[in-house]
Amino acid sequence: MQKHPSVSVGKAIGIFALVFFSGFATGLLSSNLRDLFLPEKGEQFRIEATLQDLSQQLSLNPSQAEKIRVVLDDVIMEEAELLSELKWNQLEARQRIIQYLTPDQARRFNEMMELQARAQ
């Protein structure tokens, strides 16, 4: 039983769209997370700013503030892990797509992905 070419083309387009949108999502996440890791706006800055805001708005006591600090530390670490996982998934998808391309198509695909990465 042979597969119809249109099914293969549809799958290829679907995978390409998945990679594209994964790249887009990675760009959005990384632009938000990039601010966390800049020296002048590191994660400690973000935590302190958030705690200060919450303390002012909610009148937190020191015990509450310390417990919330732990939560914020955990959230920042989870965001970094998610970003890393997303980048890994995107790389894996690229490698899986490339295996079906001719050398010329693979070169052009890599160029497209590089342009997309620079745009982010």
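Scroll up to find the structure.
How each quantity is defined
Numbering of residues starts from 1 in every chain and runs along the sequence as written. At least 70 in pLDDT is required for a residue's local features to be given in this predicted model, at least 80 for side-chain atom pairs to be given and counted, and no such filter applies to totals for whole chains, interfaces and linings, which use all residues. With hydrogens and water set aside, each side-chain value is computed from the structure's full complement of heavy atoms. By definition, any uninterrupted DSSP run of H or I lasting at least four residues is a helix, any uninterrupted run of E lasting at least two residues is a strand, and each is numbered from the N terminus. Multiplying one less than the number of residues by 1.5 Å gives the expected span of a helix. Each residue gets one of three labels from its accessible area relative to the maximum for its type: buried under 20%, exposed over 50%, partly exposed in between, using a 1.4 Å probe on protein chains only. Picture the helix axis, draw a direction to every C-beta atom, and the arc is the one those directions span. Only one rule defines a salt bridge in this text: a Lys or Arg side-chain nitrogen within 4 Å of an Asp or Glu carboxyl oxygen.

With respect to helix α4 (residues 103–119)
Here α4 spans 24 Å end to end across 17 residues, near enough to the 24 Å set by a 1.5 Å rise per residue. Every buried residue belonging to α4 is among Ala106, Phe109, Met113 and Gln116, and all of these are buried. End-on view of α4: buried residues confined to an arc of 85°, all on one side of the axis. In α4, those exposed residues whose orientation departs by more than 90 degrees from the buried face are Pro103, Leu115, Arg118 and Ala119.

A short note on the pattern of salt bridges
What the rule picks out here adds up to seven salt bridges. Salt-bridge contacts for Glu66 lead to Arg69; the nearest nitrogen and oxygen are separated by 3.3 Å. Separated by three residues within a single helix, Glu66 and Arg69 lie in helix α3 (residues 62–98), roughly one turn from each other. Where Arg108 meets Asp104, a salt bridge forms, and the shortest distance between an N and an O atom there is 2.7 Å. In this pair, Arg108 and Asp104 are both assigned in helix α4, four residues apart and thus about one turn of the helix distant. Salt bridges sharing common partners tie together Asp104, Arg107, Arg108 and Glu111.

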